[in-house]
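Take a look at the letters that make up each chain.
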Amino acid sequence: ATRAGKIIKDVMSGGDLAIVQKRQSVSVSRSVCFNYMVSILMQGLGHNDLQTEADRSAQRCIIASLSQQFPDVTIIGEEGPSSPTDEVPSDWVVTESDQDIISRECPKEYGVTKPEDVVVWVDPLDGTSEYTQGLLDHVTVLIGIAVNGRAVGGVIHQPYYNYQTEKDVRGRTLWGLVGLGVGGFNPVDPPTDKFIITTTRSHSDGIVVKALEALNPDEILRVGGAGHKVLLLLEGKAHAYVFASKGCKKWDTCAPEAVLEALGGKLTDIHGNHYSYAKDVQFPDSQGIFATARGVDHATLVSKIPQELREAFPY
Ligand SMILES: Nc1ncnc2c1ncn2[C@@H]1O[C@H](COP(=O)(O)O)[C@@H](O)[C@H]1OP(=O)(O)O
Ligand SMILES: [Mg+2]
Ligand SMILES: [Mg+2]
Ligand SMILES: [Mg+2]
């Protein structure tokens, strides 16, 4: 994750992001009326799904490094499968391990884990839209580990951590493993005298807003990236991350969910149920996102989302 973060910074300082708009399949039935199609376009669906040279190169670095060491583990990356002939520069292939984590005792629930039980979900650059706009601390590299469908391990690397105050921007790497704990940051609980929600800044719509209104927060923090929003929960800047939309995908939430839950928080869909991260699942988080910091009553908050709003997110 850290090597990928270096690639992200190198692409930015090289000056040519080589941005492309990814194609999105918006399925709309043929009988749909013109007004509805216009409203979809107005909401920006099918827009704002960008890919840059940094997304592509960071993914090649991560997948080459992991697949070399773990050839039998399924690895799914946001930017699609790489071609079998894809050679990556040798200094992009990282094989050493973090000695601090490797020296700890493995929780016994993973002692019998086989490679085929594991799926790694890779978001090489979360917050692409913000990256292209220079909101650099919203960018993270996300590597999530699912075992038997549950998100249990995660790494969140923030390449531009403190970039506005530090001369030599080294970034930071946070990790979590359910059953073992978390590292790379100081966990902080959110304030007790007000209720703060974080949500999207670049993918909002009417339903996203209605869900926030139902929860009646004192403050709303509109920031980019799924990883960055979960950082706000981990460090006590917000109580909940609520996104009543199907824009996020499994690679956006696997690592954040694992780190958050390793600390005692919770990340589910807006009905309060965990997603499966097994290898055959659909990529979209089609029932939205509802995450809470440690110590926040997740079920009570979820129950405040009105039924008619929940019905917009059927299974
Ligand atoms: N409609 C969408 N289309 C594509 N990606 C989305 C969409 N909505 C959310 N995402 C992904 O989820 C992340 C969090 O969303 P948001 O910042 O709007 O809260 C985004 O940075 C983006 O990940 P990525 O940047 O990796 O493509
Ligand atoms: Mg993307
Ligand atoms: Mg993402
Ligand atoms: Mg991404």
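Nothing here was measured: the structure is a model prediction, and the numbers come from that model.

Asker: Would you mind going over the overall build of the protein with me for this structure?
Answerer: Within the protein, the regular secondary structure consists of 10 helices and 13 strands. For a compact globule of 315 residues, the expected C-alpha radius of gyration is about 20 Å, and the protein comes in at 19 Å, within 12% of that figure. In terms of its C-alpha atoms, the protein occupies a principal-axis envelope of roughly 50 × 45 × 40 Å. Looking at the protein alone, contacts between residues at least 24 apart form 71% of all its contacts between residues at least 6 apart. Total accessible area on the protein stands at roughly 15,600 Å², and carbon and sulfur atoms take up 52% of it. For the protein, the distance from the average site of its 29 positive side-chain charges to the average site of its 40 negative ones is 2 Å.

Asker: Looking at this structure, how should I read the sheet that holds strand β9 (residues 196-199)?
Answerer: Note on sheets: strands pair through backbone hydrogen bonds, and any given pair is parallel or antiparallel. Spatially, the five strands line up as an open sheet ordered β10-β9-β11-β13-β12, and their pairing is mixed. Only two strands of the sheet have a single partner each, and these edge strands are β10 (219-222) and β12 (266-268). Put simply, the sheet's adjacent strands are angled 20 degrees from each other on average, direction ignored. The strands that helix α7 (residues 226-234) touches are β9, β10, β11 (240-243), β12 and β13 (289-292); relative to β11, the one it contacts most, it runs at about 150 degrees. Strand contacts of helix α8 (residues 250-263): β12 and β13, with the helix running at about 150 degrees to β12, the strand carrying the most contacts.

Asker: Mind showing me how you'd approach the pairing of strand β6 (residues 150-158) here?
Answerer: Within a regular strand, side chains alternate between the sheet's two faces. Burial analysis of β6 places seven of its nine residues in the buried class, the great majority of the element. Sheet analysis places strand β5 (residues 140-147) next to β6, joined by seven bridges and oriented antiparallel. Counterpart to Val-147 in the pairing with β6 is Arg-150. Between β5 and β6, which pair antiparallel in sequence order, lie two residues; one of them, Asn-148, sits at a positive phi of approximately 50 degrees. Strand direction decides the pairing type here: β6 and strand β7 (residues 172-177), joined by six bridges, are antiparallel.

Asker: Even after reading the chapter, I still don't get the sheet that holds β7, so can you show me in this structure?
Answerer: A sheet is described by the order of its strands in space; here six strands give the open sequence β3-β4-β5-β6-β7-β8, paired in mixed fashion. Of all the strands in the sheet, just β3 (74-77) and β8 (181-183) have a single pairing partner and so form its edges. Adjacent strand axes in the sheet meet at a mean angle of 15 degrees when their direction is disregarded. Where helix α1 (residues 2-14) meets the sheet, its contacts fall on β4 (118-126), β5, β6 and β7, and the angle it forms with β5 comes to roughly 150 degrees.

Asker: Even after reading the chapter, I still don't get the site of ligand 1, so can you show me in this structure?
Answerer: The immediate surroundings of ligand 1 are formed by 19 residues, with Gly-127, Thr-200, His-203, Gly-225 and Lys-229 found nearest. Within the backbone of Gly-127, an N or O atom sits 2.8 Å from an oxygen atom of ligand 1. Lys-229 places a side-chain nitrogen or oxygen 2.5 Å from an oxygen atom of ligand 1. In isolation ligand 1 offers 530 Å² of accessible surface; the protein chains occlude 95% of this area. Among the secondary structure elements, those contributing two or more residues to the shell around ligand 1 are β4 and α7. Broken down by element, the residue count for the shell around ligand 1 peaks at three residues, all from β4.

Asker: Would you explain the coordination of the magnesium ion (ligand 3) in this entry?
Answerer: Geometrically, a metal with four donors at the corners of a regular tetrahedron has ideal angles of 109.5 degrees, and one with six donors at the corners of a regular octahedron has ideal angles of 90 or 180 degrees. Only Asp-123 (OD), Asp-126 (OD) and Asp-252 (OD) from the protein coordinate the magnesium ion (ligand 3), and they sit 1.8 to 2.2 Å from it. Read in sequence order, the donor residues coordinating the magnesium ion (ligand 3) give the pattern D-x2-D-x125-D. Here the magnesium ion (ligand 3) and the magnesium ion (ligand 2) are spaced 5.1 Å apart.

Asker: Hey, could you run me through the packing of α7 against α8 in this one?
Answerer: Relative orientation and spacing of two packed helices are given, respectively, by the angle between their axes and the distance between those axes. At a minimum axis separation of 9 Å, α7 and α8 run at an interaxial angle of 10 degrees. Classified by the angle their axes make, α7 and α8 are roughly parallel. Side by side, α7 and α8 meet where Ala-226, Gly-227, Val-230, Leu-233 and Leu-234 of the first sit next to Asp-252, Pro-256, Val-259, Leu-260 and Leu-263 of the second. Here the residues of the contact of α7 with α8 are counted per class, giving eight nonpolar, one polar and one charged.

Asker: Explain the nonpolar core to me, please; I cannot follow it from the model alone.
Answerer: Soluble globular proteins: nonpolar side chains tend toward being buried together. Trp-121, Leu-234, Tyr-241 and Tyr-277 are the most contacted members of the largest nonpolar core, which has 35 residues in total. Counting residues per element, the ones that place at least two in this core are β4, β5, β6, α7, β11, α8 and β13. Counting residues per element, this core draws most heavily on α8, at seven residues. Aside from chain neighbours lying at most four places away, what touches Tyr-277 is Val-119, Trp-121, Ala-146, Gly-149, Ala-151, Lys-250, Thr-253, Cys-254, Glu-257 and Leu-267. Counting residues in hydrophobic clusters, the runner-up holds 27 residues, among them Val-73, Trp-92, Val-120 and Ile-143.

Conventions used here
- As a convention, each chain's residues are numbered from 1 in the sequence order in which they are written.
- The lettering of chains begins at A and the numbering of ligands begins at 1, in the order of writing.
- With the structure being a predicted model, the display of local features is reserved for residues of pLDDT at least 70 and the display and counting of side-chain atom pairs for 80 or more, all residues being used for whole-chain, interface and lining totals.
- For the side-chain quantities, the full set of heavy atoms in the structure was used; hydrogens and water were omitted.
- Helix and strand assignments follow DSSP, with helices taken as H or I runs no shorter than four residues and strands as E runs no shorter than two, numbered in order from the N terminus.
- Using C-alpha atoms as the atom set, the radius of gyration is obtained and then compared with a globule rule of 2.2 Å times the number of residues to the power 0.38.
- Contacts are assigned to residue pairs that have any heavy atoms within 4.5 Å of one another.
- Throughout, the Shrake-Rupley method with a 1.4 Å probe supplies accessible areas, and for residues the shown protein chains are the sole cover considered.
- Under this rule, positive means Lys or Arg and negative means Asp or Glu; His and the chain ends count for nothing.
- For the purpose of locating charges, the reference atoms are NZ of Lys, CZ of Arg, CG of Asp and CD of Glu.
- When DSSP finds two or more bridges between a pair of strands, those strands are recorded as paired.
- Helix axes are fitted only over the stretch in contact, all axes being lines through C-alpha atoms; the angle between N-to-C directions runs from 0 to 180 degrees.
- Burial here depends on accessible area, computed with a 1.4 Å probe over protein chains only, as a share of the maximum for the residue type. Under 20% is buried, over 50% is exposed, and the range in between is partly exposed.
- The nearness test applies per residue and asks whether one of its heavy atoms lies within 4 Å of the molecule or strand.
- Each polar contact in these results corresponds to two N or O atoms within 3.5 Å; when the atoms are within protein, one needs to be able to donate a hydrogen and the other to accept it, and residues that are neighboring in sequence are counted only if both atoms are side-chain atoms.
- In this analysis a donor is any N, O or S atom within 2.8 Å of a metal ion (3.2 Å for sodium, potassium and calcium), and since water is not included, sites may seem incomplete.
- Oblique is the label for any angle not covered by the other classes, which are roughly parallel (under 35 degrees), roughly antiparallel (over 145) and roughly perpendicular (65 to 115).
- The classification used treats Ala, Val, Leu, Ile, Met, Phe, Trp, Tyr, Cys and Pro as nonpolar, Asp, Glu, Lys and Arg as charged, and all other residues, Gly among them, as polar.
- Within this scheme, the nonpolar core is defined by two criteria: the residues are buried Ala, Val, Leu, Ile, Met, Phe, Trp, Tyr or Cys, and they are joined through side-chain atoms within 4.5 Å.

No statement about biological role is implied by the geometric values presented.
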